[in-house]
Amino acid sequence: MWGISTEPKFAIGQRALLLQTGKQNILWDCVSLVDSDTVELVRALGGLSAIAVSHPHYYSSMVEWSRCLGDVPIFIHADDREWVQRPDPAIQFWAGETHSIGAGLTLVRVGGHFAGYQVLHWAGAENGAGALLTGDMPQVCPDRRYVSFMYSYPNMIPVNAATVRSIAGTLSRYTFEKLYGAWPGFTVQRDAKEALRVSAERYLRALGDDEPLRGYSKVTSP
């Protein structure tokens, strides 16, 4: 996996991730700047099979990335269709709760931040232990041991308890050792599925909700 980020930081400073599965290369999320050196490096690494973007905040130059790398398909959930400001034949909208984009690569709609917010589960990562690429939802906390859940970051508006339960329940079906957030270095390096569970229950307790999560056993932690 390769991280792609812009220095000095531009706008909110998010990163993209280039996954090399051995069978195909996938670009997860996009940065706004498309530069020739990065395009040539991606080509040298085998090019791209597809692009998948978590949510509308990272849509800005996705069509340019696709065109520079062979007009590869861009996978977006249909619930976020209204936010696409530049329609293009490369954009492929999918509906439902999950969508496969290759062997062991599954897009999962979790919602919360946007109606069609999607994460990417890579089953073969970490020698088969799995990895989850989440962008902003759930977002990796600065200590890299927890994640959190926000509807609006600029306005500091959190999601409600029902949304946290829905997201945690959806992701409990998958196995993942690492969880990759939206910014360089913001990665839960180990036991990421446990970190998600602990984080969700911590969040719910702060709202006065002590009921166990579905799909998880009850835990107590700070």
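For the structure itself, consult the block above.
Summary of the structure given here. (Residues numbered from 1 in each chain as written. Predicted model: local features only at pLDDT ≥ 70, side-chain atom pairs only at ≥ 80, totals over all residues. Heavy atoms only, no water.)

1. Re the overall build of the chain
Counting its regular elements, the chain contains four helices and 16 strands. For the chain, the spread of C-alpha atoms along the principal axes amounts to about 50 × 35 × 35 Å. Counting across all 222 residues of the chain, residues that qualify as buried make up 52%. Sequence-distant contacts in the chain: of pairs separated by 6 or more residues, those separated by 24 or more amount to 52%. On the chain, roughly 10,400 Å² of surface is accessible, and the fraction owed to carbon and sulfur atoms is 52%. Here the chain holds 20 positive side-chain charges and 22 negative ones, and the gap between their average locations is 5 Å. (Helix = DSSP H or I, 4+ residues; strand = E, 2+ residues; numbered from the N terminus. Buried < 20%, exposed > 50% of the residue type's maximum accessible area, 1.4 Å probe, protein only. Contact = heavy atoms within 4.5 Å. Areas by Shrake-Rupley, 256 points an atom, 1.4 Å probe, with all protein chains shown as cover. Lys, Arg positive; Asp, Glu negative; His and termini not counted. Charge placed at Lys NZ, Arg CZ, Asp CG, Glu CD.)

2. Points about the sheet that holds strand β8 (residues 105–109)
Hydrogen bonds along the backbone pair up the strands of a sheet, which may run parallel or antiparallel. Ordered by their spatial adjacency, six strands build an open sheet running β7-β8-β9-β10-β15-β16, and the pairing between neighbours is mixed. What marks the edges here is a single partner per strand, and that holds for β7 (98–102) and β16 (187–188). For strand β15 (residues 178–181) and β16, the ladder comprises two bridges, and the chain directions are antiparallel. Residue Leu179 lies in a different strand from β16, and its bridge partner there is Val188. (Pairing = 2+ DSSP bridges.)

3. Examining the packing of aromatic side chains
Taken as a whole and assessed by the stated rule, the structure comprises three aromatic pairs. Ring plane angle 85° and centroid distance 5.6 Å describe the contact between Phe149 and Tyr203, whose orientation is recorded as edge-to-face. Of the two residues, Phe149 is situated in the loop between β12 (147–148) and β13 (150–152) and Tyr203 in helix α4 (residues 192–206); the sequence distance between them amounts to 54 residues. Note on accessibility: Phe149 and Tyr203 belong to one class, buried. Each ring, one from Trp183 and one from Phe186, has its centre 6.5 Å from the other, and the planes form 65°; the classification is edge-to-face. (Phe/Tyr/Trp six-rings, centres within 6.5 Å; stacked < 30°, edge-to-face > 60°.)

4. A closer look at the pattern of salt bridges
On inspection of all chains with the given rule, the structure shows eight salt bridges. Arg67 serves as the salt-bridge partner of Asp88, at 2.6 Å between the closest nitrogen and oxygen. Note that Asp88 is positioned in the loop between β5 (74–77) and β6 (91–94) and Arg67 in helix α2 (residues 62–68), a separation of 21 residues in sequence. Given the relative accessible area of 13%, Asp88 is considered buried. The class for Arg67 is partly exposed, based on a relative accessible area of 47%. (Salt bridge = Lys/Arg side-chain N within 4 Å of Asp/Glu carboxyl O.)

5. A few points about the sheet that holds β5
The six strands are arranged β1-β2-β3-β4-β5-β6 in an open sheet whose pairing can be described as mixed. Two strands bound the open sheet, and with one partner strand each, they are β1 (2–4) and β6. Each strand axis lies, on average, 25° off the axis of its neighbour in the sheet, ignoring direction. (Axes fitted to C-alpha atoms, helices over the stretch in contact; angles between N-to-C directions.)

6. As for the environment of Pro212
By the secondary structure assignment, Pro212 is in the segment after α4. Sequence separation between Pro212 and Glu201 is eleven residues, and the spatial gap between their C-alpha atoms is 7.5 Å.

7. Brief notes about the nonpolar core
Generally speaking, a soluble globular protein has its nonpolar side chains buried in company with each other. Residues Val110, Phe149 and Leu179 are the most contacted members of the largest nonpolar core, which totals 28 residues. Elements that contribute at least two residues to this core include exactly α3 (161–171) and α4. It is α4 that provides the largest number of residues to this core, a total of six residues. Sequence-distant contacts of Phe149, that is, excluding residues within four places in its chain, are made with Met137, Pro138, Pro158, Val159, Val164, Ile167, Leu196, Ser199, Ala200 and Tyr203. Listed in part, the 24 residues of the second largest apolar core include Leu27, Leu48, Val53 and Ala90. (Core = buried A, V, L, I, M, F, W, Y, C linked by side-chain atoms within 4.5 Å.)

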